[in-house]
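Here is how the chains run, residue by residue.
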Amino acid sequence: MKVLSSILFLCGLIFALAGCDRGKTEAMPADVDYYTCTMHPSVRSHKPHDKCPICSMDLVPVKKASASTATENASTSSAAPTQFTIPLDRQQLIGVTYATVERAPLQITLRALGTVAADKLRHWDYVSRVEGYVQQLSVGSRGEAVKRGDPLLTLYSPDLLATQRELIDAFRIRDEARKSGVEENIASAERLVSAARRRLSLWNLSDAQLAELEKTRQAVDTLTLSSPFDGVVLELMTNQGSRVMPGDHLVDIADLSVVWVWAEIYQEELPFVKTGQNVSITSSTYPGEKLSGKIALVDPFLDATKRTARVRIDVPNPELKLRPEMYVNVELTVDAGEGLVVPVGAVLPTGEHNVVFVDKGSGKLEPRFVELGRKFGERYAVEKGLAEGERVVSSANFLVDAEAKVQGALKPW
C-alpha cells in the first residue's frame, strides 16, 4: 500500500512539473493582449505558438492598449507610419509581388465612340423662294450623285415670268435713257434694273441666268435649280407636279468628301484634348483600315447627364467610305512627357492618403504616403514620396495593410 502511494505521488509530481514547464513555454509577454490571425481577425488565442484554425497561418501578437499608447507617445507623430516585418515565406503564401519605381514616358490613349455627320459647311438646302409648281425632277431619290452645275429640278412660276418681264422692261428703259444722255434718267433706269435683278436673284436665279436674260431679252416661266458643288442628294422632299410655296423644303445636297465625326469625351479626359490634334478613325465596316482626322472643335458645354463634352473631328473622305450616322471608333494618343510611375495595383487609396509599401529587404516593409499625378493607362504618375529604383508591393496590398495595422505600423483609417 505504501509502495502504491509512493508511485501515485511521483506521477502527480511529474505531471505538475510538466504543467509548469508548459506554462512557462506558453507564457505571453507582458505587453501582449492576445494573438490573432491577420486574415481572420475574429480568431483570438492566448497561446503564442497557436495557428489559425481556418487558414493554418501563425498567429501574430496584438499589443495591449497601454503599450500601444506608450509606443504612440514615444513617436514624433502618432499618424506617421513605421516599418514592420512580414516573413518572406508568409509573403509568398499571401501572394505578395513587387514592382520597381521607374521613369517612363507618360502616354495616355483616349478611346471613344464617334458618329459620322455631314459637314454643315458643305451642305446646301434648296428652299422654294417663289410660288409655283414642280415641273420636272432631274434627280429621283436620295443618294444620287450629282456634279457641280447639274440640274436638280425645274419650277414653273407665273410670278417668275412677270418679274422677268419687269426686268426686260427695265433693260429697255435703261437703253433708251443711255441714248438720251440724261444722267437723271440713266440713274433712275439703273435703279429699276437693280431692283428687278435683286428680286430674281433672291428667287434663286444665278448670275449666269440673269446675264442670259439680259442678252436674249426672252422671259421664261420656269426656273432650274442646279447643284452648287459635287455631292449626293441627301433628301428629296417634293414630287413632279407638286405645288410649292415660299419656304417649302425642296432638296438637300451634301458634299461628303469631308465629313464630321462627333465623339464624346469624359470630363476627366478633357485636359488632354485640344484643337489641332491628330486622331485615328477605325470602323468595323473596314477592318484593318485607319483614317486620319483632326480635332476642329471641343464643345465648351457638358452633357448634364453623361458628364461628357462633344468633340468635332474633321475627316477627309475622298472615297466616301464614311457615311452619315455611321458609328466609328475614335482613338487619340497624348504624350505628356516623362516621369516616375508605379502600377495602379501598388497604390492603396485610403481616402485621406495614398499608401504604398516599400520593400526594405529581408521581409521588412515601410508604409509610405505618396502624392500622385494623373493616371496613365495602368500606371500612376508619382509627384512625391518615391525615388527611382525603389521596389514597392504591387499585389496583395490589402493583406499587407492588415498586417501593418495589426503590428501597429500603420494607423487604422
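You'll find the structure just up there.
Rules and cut-offs
Residues numbered from 1 in each chain as written. Predicted model: local features only at pLDDT ≥ 70, side-chain atom pairs only at ≥ 80, totals over all residues. Heavy atoms only, no water. Helix = DSSP H or I, 4+ residues; strand = E, 2+ residues; numbered from the N terminus. Expected span 1.5 Å × (residues − 1). Buried < 20%, exposed > 50% of the residue type's maximum accessible area, 1.4 Å probe, protein only. Arc of directions from axis to C-beta. Contact = heavy atoms within 4.5 Å. 1 Å grid on protein atoms, 1.4 Å probe; cavity = no way out; pocket = protein on both sides within 12 Å on 5 of 7 lines; lining within 4 Å. Points joined across faces, edges and corners; volume = space filled by probe spheres on them. Nonpolar A, V, L, I, M, F, W, Y, C, P; charged D, E, K, R; others polar. Salt bridge = Lys/Arg side-chain N within 4 Å of Asp/Glu carboxyl O. Axes fitted to C-alpha atoms, helices over the stretch in contact; angles between N-to-C directions. Parallel < 35°, antiparallel > 145°, perpendicular 65-115°, else oblique. Left-handed = near helix turned anticlockwise from the far one by under 90°. Pairing = 2+ DSSP bridges. Core = buried A, V, L, I, M, F, W, Y, C linked by side-chain atoms within 4.5 Å. Phe/Tyr/Trp six-rings, centres within 6.5 Å; stacked < 30°, edge-to-face > 60°. Lys NZ or Arg CZ within 6 Å of the ring centre and 35° of its normal.

Caption draft 1: Layout of helix α5 (residues 183-202). Helix length check: α5, at 20 residues, gives a terminal C-alpha distance of 29 Å against a target of 28 Å (1.5 Å per residue), a fit within 8%. Taken as a whole, α5 has its buried residues at Ile186, Ala189, Val193, Ala196 and Leu200. Taken end-on, α5 shows its buried residues confined to a sector of 100 degrees, consistent with a single buried face. Residues Glu183, Glu184, Arg191 and Arg198 are exposed on α5 and point more than 90 degrees away from its buried face. Residues of α5 that are buried in the fold lie against α4 (158-180) and α6 (207-216). Of the residues trailing α5, Asn204 is marked for its positive phi of about 80 degrees.

Caption draft 2: Fine view of empty space enclosed by the protein. Scanning the model with the defined rule gives 2 cavities of 30 Å³ or more in all. Counted as a void, the largest cavity has a volume near 70 Å³. In terms of lining residues, the largest cavity is bounded by Leu110, Ala112, Ala263, Ile265, Val273, Val279, Ile295, Val311, Ile313, Val330, Glu331 and Leu332. When contributions to the lining of the largest cavity are tallied by element, the ones reaching two or more residues are β6 (102-118), β15 (258-266), β18 (308-316) and β19 (327-343). Sorting elements by how many residues they give to the lining of the largest cavity places β19 first, with 3 residues. Looking at the lining of the largest cavity residue by residue, the class counts come to 11 nonpolar, no polar and 1 charged. The space that makes up the second largest cavity amounts to roughly 50 Å³. Lining the second largest cavity are Ile281, Thr282, Ser283, Tyr286, Glu289, Lys290, Leu291, Lys321 and Leu322. Taken together, the residues of the lining of the second largest cavity break down into 4 nonpolar, 2 polar and 3 charged.

Caption draft 3: Expanded view of the pattern of salt bridges. In this structure the tally under the stated criterion is 26 salt bridges. Between Arg174 and Glu214 there is a salt bridge; the shortest N-O distance is 2.9 Å. Taken together, the residues Arg174 in helix α4 and Glu214 in helix α6 connect sequence positions 40 residues apart. Owing to a relative accessible area of 8%, Arg174 belongs among the buried residues under this scheme.

Caption draft 4: Quick look at the packing of α5 against α6. With their axes 10 Å apart at the nearest point, α5 and α6 run at an angle of 135 degrees to one another. Our classification of the angle between α5 and α6 gives oblique. The handedness of the crossing between α5 and α6 is right-handed. Two secondary-structure elements touch here, α5 through Arg197, Leu200 and Ser201 and α6 through Leu210, Leu213 and Glu214. Its residues assigned to classes, the contact of α5 with α6 comprises 3 nonpolar, 1 polar and 2 charged.

Caption draft 5: Representation of the side chain of Ser227 within the structure. Within the fold, Ser227 resides in the loop between β11 (222-226) and β12 (231-236). The class of Ser227 is buried, set by a relative accessible area of 4%. Among all residues touching Ser227, those that are not within four sequence positions of it are Val146, Lys147, Arg148, Gly149, Asp150, Leu152 and Ile253.

Caption draft 6: The arrangement of the sheet that holds β12 in detail. The 4 strands are arranged β7-β14-β12-β9 in an open sheet whose pairing can be described as antiparallel. Every other strand in the sheet has two partners, leaving β7 (123-127) and β9 (145-146) as the edge strands with one partner each. Summarising the sheet, β12 and strand β14 (residues 249-254) pair through 4 bridges and their orientation is antiparallel. Paired with Val232 across the bridge in β14 is Ala254.

Caption draft 7: Focus on the nonpolar core. Ranked by internal contacts, the top residues of the largest apolar core, which has 32 residues, are Ile281, Ile313, Leu322, Val328 and Val330. Looking at this core, the elements that each hand over two or more residues are β6, β12, β15, β16 (278-282), β18 and β19. By residue number, the principal contributor to this core is β6, which donates 7 residues. Residues Leu152, Leu153, Leu205 and Leu210 belong to the second largest nonpolar core, which totals 30 residues.

Caption draft 8: Representation of the packing of aromatic side chains in the model. Tallied over the full model, the rule gives 4 aromatic pairs. Plain terms: the ring middles of Trp124 and Tyr126 are 6.2 Å apart, the flat faces sit at 75 degrees to each other, and that makes the pair edge-to-face. Assessed through its relative accessible area of 9%, Tyr126 is described here as buried. Note on Phe272 and Phe376: the rings are 6.1 Å apart at their centroids and 70 degrees apart in plane angle, and the pair reads as edge-to-face. In this pair, Phe272 sits in the loop between β15 and β16 while Phe376 sits in strand β22 (residues 364-376), placing the two residues 104 residues apart along the sequence. Phe376 carries the same exposure label as Phe272, and that label is buried. Taking NZ or CZ as reference, Arg44 lies 4.2 Å from the ring centre of Tyr34, over its face. One Lys or Arg, Arg312, reaches over the ring of Trp260 and ends 4.3 Å from the middle of that ring.

Any functional reading would require information beyond the geometric quantities listed.
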